[in-house]
Each structure stands twice: as structure tokens, then as C-alpha cells.
Amino acid sequence: MTKLVIVESKYKIPLALPKIGAAGKTGLWRLERPVVDTSKCTRCFQCEIYCPANVIRVDKEKGAMINYDYCKGCGICANVCPAKAITMVKEGE
Amino acid sequence: MVLKVLTGNYAVAEAVKLARVDVVAAYPITPQTSIVEKLAEYIESGELEAKMIRVESEHSALAAVFGAAIAGARAFTATSSQGLLYMHEWVHWVSRARIPVVMAIVTRAIGTPWNIWPDHADFLDQRDTGWIMSFAMDNQEVLDLTIQAFKISEDPRVYLPVMIGLEGFILGHTSMPVDVPDPDKVAEWLGPRRQPYVIDGSKPWALGSLAWPEETEEMFMDIQKAMEESKKVIVEVDEEYGRLFGRKYGGLIACHRCSDAKYHIVSMGAWSGDIIESIELLRNEGYPVGLIRIRYVRPFPDKEIYGIVSNSRAVIVFDRAISYGSMGPLYMDLVAGLTKYTRKLPYMRNIIAGIGGVNITYQDFYKLIKETIDSLEKGVEPPVFTWYHRRG
Amino acid sequence: MSHLPQAMRNTILPGEAACPGCPIPMALKVVGAAFNNKLVMVVPACCTSIVIGAYPGSAFNWSTVHVAFASAAAVASGIAEALEKRGIKDVQVVAWAGDGGTADIGMASLSGAAERNHNIIYIMYDNEAYMNTGIQRSSSTPKGAWTTTTPIMGKIEHKKDVARIMIAHGVPYVATASIAYPHDFYAKLKKAASIRGFKFIQLHSPCPVGWRFDPSLTVKVARLAIETGLWVLYEYYDGRLRLSGPSRPYLDKAKRKPVIEYLKLQGRFRKITDELVREIEKYVDELWEWIKKHM
């Protein structure tokens, strides 16, 4: 096997690195936002698993918590929640 | 140092073996096929410890080579004509990714109609892609250029892929004596593979994501910069190789009696040998003519050629390809390049010949060059653009 | 598998470019989780090329390479060979491509890589059209679906069955999956990773924009595909088909929901005729006959 040495280039190369908000503040896209009723939330993790934006974190104490900076308001979390603990509310209300 | 009788194709395979390539993508196409056949023998016998990917198309051949290269392997493939055109999309992709890769092109005319004989159309069709492009005159040079390609491509001042051209059948299938350097010395000289990044799970790089216009242009401007810097590296590599292995060619161009010539011929490829023969005949008759042979067409040696032809009475450029609707590619590159250095050009003639594999001999060159010079000496300029065709 | 959400946390970074309700990042969370981000992902032209975000940022926390449209499988082959030569054994090589890039333009390189049995996992995420270019018909579009290139007549042909084509190639592992069943998908990814050779997973991925349904319904639509028997979850290895848990009930035709329940949620089937619905029901019956025959 030919030995390999990575020598970084002075030239501009099309390489990107992980970054939150790689497509900007996607929370601005929202027309509706999900609101969690913590008292109904059973901490089942369905919303966290299915959220395409990966912005939900279920906490044992606080229940499902949503990062509204990046939540796009798709409503999947409300749709899959078995306890009907999430409601979609129009932005601005 | 071992003298072997090798065809051009086997010289490529030998060089790939000396370079200790890790991954070879193989797809057959006339007149390249014996390269991958020989490499398969080397790999299956254990002479070359490499993986061979027997791909299902040339498009996949360069794609697989790209994959292997970005993942840290020294990777190689070879093709011709239709195969090269099929992988054309990947030719661009690889250079713009700035990943070192080496490829051999055994040149062959392009269809329609089917034609297996050599010209330069397939090779020169790649000249806009950002690959460094070299072209051989004989099988010794094929071997030397191929080995050097790895050194140049993997140099951080370059980080561009390199393709080596050799004419199908004339060099590809013709046996010539080739001095093969010592494998250990070559391996030591080439050293470890260097590349600017590696995509192998070690770091979460994303290669090739969408880039906005300004970012993209900056990346592409850097390709042009690397091309300019590579001239220096090519000359350095030629010199080092000369010191270590006893053969030096002169860098981007090779000169035959051009320093004291008043008339200059510019050519590329195997027929340069025939041109040299015709020059010897003409010299014996008193014609002050010399040959500038292009070894690297990208980066184009415009400055180097300017240095020789600035006081030339006339320059004849023989092209074995044509850009339909315009002129020969070498001619166009040369004339354009010269305008960077001067407003006054000597009389420059473009002769297209040998397209579709028509065999052009030293007698043809002798006739064409003599005619041109005789005419000019009488004060009559021959047509600037001529397509020299003959039958039989 | 209560650790699945935990494993998903640092996979896809928030702020990626997918449409709201898109199944792609939903599925990629599972892929990242299954391999703990130790993978090289090969992405040809498809929605994912854009979902990842623009240079110099990336929403994926793993090595990714963008490649020309037809070549996901070919590049993955090259990477797999290089990593093997370098002795790197703990990194999965994953080709992640849409249905267009797999079943149409990518068919040749897919077949080549499968035939050569390279050690890669090829995941075809199937949103049943060329979505990235604005919803054009692919060979994977189901019969009757509206697309911009079948705007009046709807797709005329039935869906090309790529999973079956892969079975016919004799590769060590073929599976179908759905974004509605992430644990099933996760298990299949793990199973694939444990086998040497070419593994293929076709992942059903309903697209709200292209199929014309509200973005909140992505999971519901995907579930209905299983519940109507139209999409079957299975694995094929060691010469036999194994029906996956979520699809088992639907061996019994009586348990399958009427296909119209699935079709009526999607605007792309708005103009569908009764005749075509019957044809689709027949298609489902035939599909299950084939399933039973190979179990």
C-alpha cells in the first residue's frame, strides 16, 4: 500500500464542514409552530424520532422541547404524537 | 536499469507497476485494451499489489478511480476515443475536485463513422478540462511521462490530475526498446501519495456541495493558478528524473535543432519523429529549419515557444485534430498564447493532416515544409490554413 | 430500541435545506444513528445534494462526496476498494441515491457494482419521481401518478421494481424499508453492515411536495402504503424472502386497507379513474402472490 500523507492545499477546494444552519435560519420558513402540552406528553420519543429537522429533544422532566430557530413547522410531530400533546398554532398568534 | 522491448501500451502498464498504483479501473477499448490486460496479469500474479475494478463502462471507470483517489489510493485508468468522450463529464469533475489521478489516453479518431486509427481529436477534446496533459513521441517517453505524471499530480503546488497521450497502434501496439528504471528507486523518488484531503470517515468533510457563483469562480481561478505553477513543477520533475534516471527531455517542449533555425515547425506526438527525419534531409539541403515538439499541451508552453520563435521567419504548426468551423487546436493555442508576449507574429501556417489515422510520412513532411519555405523565400505566402489530405 | 433517538442526535444538524415534512433528513437520522456517523456517503444528483446545504457548511455529520448523476454505485465501488486496500474496516460505504439516480440513469453502474459484489450499502430512497428538478416522471413513479412530464395522462407504466432486479443479481442482501418504520429501517441497516458484499435497501419516502399532500402527513402516508399492502417490507437473503414485522398482518388480504385510502390523500392521484384503482388493487394482489411464493 502506497503510504498516504494529507498535505492541505493553499488552493480553494470545494470542501465543506458540518455547521448548524447550513441553509440558514430555517425557523423563518414557518407558517405554523408546534406547541407542546407538557402535561399530556408521555415522553414516548415519537416526535423526536420522526422530526425531519432534528429539532426536538425529549427531556424526562420537561417533555418534548423544540428548537424554534430551525423548526420548519411541518406538523409531523403533531401528527405522530400518540397522546395528542402537540398542537399546530399559526405563527404570530 | 533494464532494457525491455515494450509496446507503448505495455510501457504504460510497466510505469503503473513501478508507481505502485493501488487501484486500477479497467474497461476495454481499442487501441488501449492491452494496457488493462497487462495490468490484470500483474495484479493477478501479485507483481503489482493492487485492486482491479473491472467496471461496466468508461464513465464508471473514471468515477471509480475518483472514488478510490479521494479515499486515499493511488488510482489509474486508461481509455481512448469513444470511452474518453463517455467519461468526459468525469474528466471535469475530477480536476475541479483537485484530486491527484493519472490516466493514459491511447488516442484514436472519433466516430461517426467507426474508426480505430490514431489522431488527436479525443485527447485535445479534453483541453478545457483542467487536467495537465502530456504527449509522447516514443515508447521510452511514454514510460517516463507516465511515471512523472504521478510525481507532478501529487505535488501540492499542483494537485491536478494528469493525462498522458500516446497514439494508438503507432506507439500503443508497436514494440520499441525501453529502458525501465529500478523499481525501488522509482518508488523512493515518487514517495508517499500526497493529496489535499481524504474522504474516508476520518473527518466529516463534504466534497462538492453547492457553491455560490463567487465561491465557485474563486475555486476555478485557483485551477488556472495551479496550471501556471505546474510549469515550474514539470521542469523540476524533468530535471530530477534526468539526474536520477539518466533521461531529461527539456520540460514542456523538446527542441530539435531549433536554436539556430530560421523556420520552425511545431508538432505533437509520434509523427514528430517523422518530422525530425524530414528536417535532417532539409538541413542537408541548406534549409535552416528546426522542430519545437510540444510535450505538454496543458499547461500550454506559449512563453517557452515564444522564446524560440520571436525572431522566426515562419512557423508551421502541424495539427492532428481540428476544431470544426475554426482551425487546429495547437495552432489556436499557440497564436493566442503568443499574443500575450508580442504584437508582431511571424507568418504562421496551420496544416491539418493525419485525421482519421491517415498515415503521414517523412516524405509528406519534407514536401510540405520545403514548399512552404520555398514559397515564402519567393515572397509568396501560402494559405495560412491547409488541410493536407492524401489517399494511398 | 430506546437508544435510537439518542443515537440520532448528532447526525443531521438543524438548519438543512429540505422542504418541511421531507422524508430525507428523517431517514438520514436513522442512517447516521445505525453507523454512529462512521460512514462515507456517496450522493449523486438528487434532492439530498441540496438538503445538505451550501458550501462551506454541511448539515451532515459524516464524510460525504457529491458525484455525477449516474455514478453513485461506481464511486462507492472505488471508495470501498481503496478503504479495503488501506485496511480500514470500520467505516461503512453508503451510496444514497434517489429513484431517478438509481433506476434510470444509475441503472448501469448499479448493476455493475452489484454484479461485482463490492462491500457497499446502496440505499435507494424512493420518492417516486425526479423531485429535485420539480417532479418529473421516473421509472419508479407509480401508474396513474401526475408528474410534470405526465401532466395529463398520468404515468402509463407500472413502477419498475428495483428491489426485485437486485434480487435477480444474486447480491447477499436486499431489503425494502419505509420512513414510517424507523426501527425496522435501523435493524436492516445494522443487518446489512454485518454482511460482506453488496447490500441494497429500497426506502419508501413519500414527498409532500411531489405527491401533493400536507407536510404533516408524511409518516401517515408512508404507513398507509404498508397498511394497504401496496408497499411490502421484506428482506431477501440466503435464497429466501423474509417478511418484516410491520407487513406481516397484510399477508391476509382481509386485513389490508382499501388502496383508495392511500391514494385519496395524495393530489398526484386526484384524477385517478375507478378502472385504475381496480388495476392497482390487482397489482397489490399480484405483488403478494410473488411475496408468498418466495417466502
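Thresholds applied
Residues numbered from 1 in each chain as written. Chains lettered and ligands numbered in written order. Predicted model: local features only at pLDDT ≥ 70, side-chain atom pairs only at ≥ 80, totals over all residues. Helix = DSSP H or I, 4+ residues; strand = E, 2+ residues; numbered from the N terminus. Rg over C-alpha atoms; globule rule 2.2 N^0.38 Å. Buried ≥ 20, exposed ≤ 12 C-beta atoms within 10 Å, placed from the backbone. Pairing = 2+ DSSP bridges. Axes fitted to C-alpha atoms, helices over the stretch in contact; angles between N-to-C directions. Contact = placed C-beta atoms within 7 Å. Nonpolar A, V, L, I, M, F, W, Y, C, P; charged D, E, K, R; others polar. Domains from an automatic or database assignment. Core = buried A, V, L, I, M, F, W, Y, C linked by C-beta atoms within 7 Å. Parallel < 35°, antiparallel > 145°, perpendicular 65-115°, else oblique. Left-handed = near helix turned anticlockwise from the far one by under 90°.

Trainee: For this particular structure, what's the right way to read the overall build of chain C?
Mentor: Assigned secondary structure in chain C consists of 12 helices and 9 strands. For chain C, the C-alpha radius of gyration of 18 Å lies close to 19 Å, the compact-globule estimate for 295 residues. Along the three orthogonal principal directions, the C-alpha set of chain C runs to about 60 × 40 × 40 Å. Residue burial in chain C is summarised as follows: out of 295 residues, 60% are buried.

Trainee: Explain the sheet that holds strand β13 (residues 289–294) of chain B to me, please; I cannot follow it from the model alone.
Mentor: Hydrogen bonds along the backbone pair up the strands of a sheet, which may run parallel or antiparallel. All names here are of chain B. If you walk across this open sheet you meet the 6 strands as β11-β13-β12-β15-β16-β17, and the pairing is mixed. In this open sheet, the two strands that pair with only one neighbour each are β11 (253–256) and β17 (385–387). Here the strands of the sheet are splayed against their neighbours by 20 degrees on average, with no regard to which way each runs. Where strand β16 (residues 347–352) and β17 come together, 3 bridges link them in parallel fashion. Following the sheet pairing, I351 is matched in β17 by T386. Along the sheet face, helix α10 (residues 271–284) touches β11, β12 (263–267) and β13 and points at about 170 degrees away from the line of β13. Across the sheet, helix α12 (residues 329–338) touches β12, β13, β15 (314–319) and β16, and the angle it forms with β15 is around 145 degrees.

Trainee: Can you help me understand the interface of chain C and chain A in this one?
Mentor: It is common to give the size of an interface as the accessible area lost on bringing the parts into contact. Each partner contributes to the interface: chain C provides 35 residues, whereas chain A provides 33 residues. Among the residues making up the side of chain C that touches chain A, the classes are represented as 22 nonpolar, 8 polar and 5 charged.

Trainee: How should I be thinking about unusual backbone geometry in this particular structure?
Mentor: Backbone geometry follows two general trends: most residues other than glycine have a negative phi, and most peptide bonds adopt the trans configuration. Here the amide bond leading from R298 of chain B into P299 of chain B is cis, since omega sits at 0 degrees, within 30 degrees of zero. Here P299 of chain B shows up in the loop between β14 (296–298) and α11 (302–309). Residue P56 of chain C is reached from Y55 of chain C by a cis peptide bond, and omega for that bond is 5 degrees. With respect to the element layout, P56 of chain C can be found in the loop between α3 (47–51) and β2 (57–58). Of note in the backbone geometry, R43 of chain A takes a positive phi value of approximately 60 degrees without being a glycine. Position of R43 of chain A relative to the elements: it lies in the loop between β3 (32–36) and α1 (46–50). Its 15 C-beta neighbours within 10 Å are what place R43 of chain A among the partly exposed residues. The residue R20 of chain B is not glycine, and still its phi comes out positive at about 50 degrees. Here R20 of chain B lies in the loop between α1 (8–18) and β2 (23–25).

Trainee: Would you mind showing me how to read the domain arrangement of chain B here?
Mentor: Residue and element names in this part refer to chain B. What the domain assignment lists for chain B is domain 1 (2–245) and domain 2 (253–387). Each of domain 1 and domain 2 has a C-alpha centre, and the two are 28 Å apart. Opposite the 24 residues of domain 1 that make contact, domain 2 presents 19 residues. Elements represented by at least two residues in the side of domain 1 that touches domain 2 include exactly α6 (121–124), β6 (132–135) and α9 (213–245). At 5 residues, the largest contribution of residues to the side of domain 1 that touches domain 2 is made by α9. Its residues assigned to classes, the side of domain 1 that touches domain 2 comprises 14 nonpolar, 4 polar and 6 charged.

Trainee: What am I meant to see in the nonpolar core here?
Mentor: The nonpolar side chains of a soluble globular protein tend to be buried with one another. Membership of the largest hydrophobic core comes to 265 residues, with the highest contact counts inside it found for V65 and F66 of chain B together with V42, V75, A76, I79 and A95 of chain C. Here this core spans two domains, since at least three of its residues come from each of domain 1 (2–245) and domain 2 (253–387) of chain B. Aside from chain neighbours lying at most four places away, what touches V75 of chain C is A63, A64, F66 and G67 of chain B together with V42, V65 and V67 of chain C.

Trainee: Even after reading the chapter, I still don't get the interface of chain B and chain C, so can you show me in this structure?
Mentor: Between chain B and chain C, the residue contacts involve 37 residues of the former and 38 residues of the latter. Looking at which element gives the most residues to the side of chain B that touches chain C, the answer is helix α3 (residues 58–70) of chain B, with 9 residues. The class makeup of the residues in the side of chain B that touches chain C is 21 nonpolar, 8 polar and 8 charged. Of the strand pairs in this sheet, strand β10 (residues 206–207) of chain B and strand β3 (residues 63–66) of chain C are connected by 2 bridges, and their pairing is parallel. Each bridged residue has a counterpart across the sheet, and for A206 of chain B the counterpart in β3 of chain C is T64 of chain C.

Trainee: Can you walk me through the packing of helix α7 (residues 139–153) of chain B against α9 of chain B in this structure?
Mentor: For any two helices packed against each other, the geometry is given by the interaxial angle and the distance between the axes. All names here are of chain B. The contact between α7 and α9 brings their axes to 10 Å, and the two run at 125 degrees. The orientation of α7 relative to α9 falls into the category oblique. Between α7 and α9 the crossing geometry is right-handed. Note on element contacts: α9 touches α7 through S230, V233, I234, V237 and Y241, opposite D144, Q148, K151 and I152. Residue classes in the contact of α7 with α9 are distributed as 5 nonpolar, 2 polar and 2 charged.

Trainee: Whenever I open this one, the environment of K231 of chain B confuses me. Can you help?
Mentor: Residue and element names in this part refer to chain B. Of note, K231 is situated in helix α9. In this structure, the C-alpha to C-alpha distance between K231 and Y296, residues 65 residues apart in sequence, is 9.2 Å. Not counting chain neighbours up to four residues away, the residues in contact with K231 comprise L252 and P299.

Trainee: Is there a simple way to explain the sheet that holds strand β5 (residues 102–107) of chain B in this structure?
Mentor: All names here are of chain B. With respect to topology, 7 strands assemble into an open sheet ordered β3-β2-β4-β5-β7-β6-β14, the strand pairing being mixed. Two strands lie at the open edges of the sheet, namely β3 (51–53) and β14, each paired on one side alone. Mean inter-strand twist for the sheet, computed between neighbouring axes without regard to direction, equals 20 degrees. As paired strands, β5 and strand β7 (residues 162–167) are joined by 6 bridges and run parallel to one another. Bridge pairing in β7 places V102 opposite V162.

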